[in-house]
Amino acid sequence: MGHDQRFVFESVQDAGSIRKYLEAVMEGLDKGRLVVATGTEEFVLEPAGLLNFTVKARRRGGEGRLSLTVTWKCPEDEAPRSGETLSIKA
């Protein structure tokens, strides 16, 4: 079975910079491959099939928040692939 992997990056950006990141995400979704990286770490995602898309917005105490989430199922590396045969031995 696969193991959990996580990439986290936080920073303060202006709207123009964030727009460029969002455009890159859109391009990656079109291509079926997203690569996020910092100087020391690279993380590759391959969204495919139907994607779940969630939008959350909140305003509280003078602060606004917009959260966009895209999720999908990843095939397990160890799962039998179509056309492969199963072997069970005792």
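Calculation notes
- Residues numbered from 1 in each chain as written.
- Predicted model: local features only at pLDDT ≥ 70, side-chain atom pairs only at ≥ 80, totals over all residues.
- Heavy atoms only, no water.
- Helix = DSSP H or I, 4+ residues; strand = E, 2+ residues; numbered from the N terminus.
- Expected span 1.5 Å × (residues − 1).
- Buried < 20%, exposed > 50% of the residue type's maximum accessible area, 1.4 Å probe, protein only.
- Phe/Tyr/Trp six-rings, centres within 6.5 Å; stacked < 30°, edge-to-face > 60°.
- Contact = heavy atoms within 4.5 Å.
- Polar contact = N/O pair within 3.5 Å; in protein donor to acceptor, adjacent residues only side chain to side chain.
- Salt bridge = Lys/Arg side-chain N within 4 Å of Asp/Glu carboxyl O.

A. Helix α1 (residues 15-31), seen in detail. Taking 1.5 Å of rise per residue, 17 residues should cover 24 Å, and α1 covers 24 Å from first to last C-alpha, within 8% of that figure. Of the residues flanking the end of α1, it is glycine 32, one or two places downstream, whose phi is positive at about 80°.

B. How the structure looks around the environment of valine 44. Of note, valine 44 is situated in strand β2 (residues 42-45). Here valine 44 falls in the partly exposed class, since its relative accessible area comes to 34%. With eleven residues separating them along the chain, valine 44 and arginine 33 place their C-alpha atoms 7.1 Å apart.

C. View of the packing of aromatic side chains. Applying the stated criterion across every chain, the model contains one aromatic pair. Aromatic pair phenylalanine 7 and phenylalanine 43: ring centres 6.2 Å apart, planes at 35°, arrangement tilted. With phenylalanine 7 in the segment before α1 and phenylalanine 43 in strand β2, this residue pair connects regions lying 36 residues apart in the sequence.

D. Just the environment of tryptophan 72, in detail. Turning to its location among the elements, tryptophan 72 is positioned in the segment after β4 (63-71). Sequence separation of tryptophan 72 and leucine 50 is 22 residues, and the distance between their C-alpha atoms is 6.9 Å. If we ignore the near neighbours within four places in the chain, the residues touching tryptophan 72 are Leu45, Glu46, Pro47, Ala48, Leu50 and Leu51. Among the polar contacts made by the side chain of tryptophan 72, one reaches the main-chain carbonyl oxygen of glutamate 46 at a distance of 3.5 Å.

E. Region of interest: the pattern of salt bridges. The full count for this structure, using the stated rule, is three salt bridges. In this structure, the salt-bridge partner of arginine 19 is glutamate 23, at a minimum N-O distance of 2.9 Å. Of the two residues, arginine 19 and glutamate 23 both sit in helix α1, four residues apart, roughly one turn of that helix. Note that glutamate 46 is salt-bridged to arginine 33, the shortest N-O span being 3.6 Å. Of this pair, glutamate 46 sits in the loop between β2 and β3 (52-60) while arginine 33 is found in the loop between α1 and β1 (34-37), placing the two residues 13 residues apart along the sequence. Glutamate 46 sits in the exposed class, given a relative accessible area of 53%. Look at arginine 33 and you get partly exposed, because its relative accessible area is 43%.

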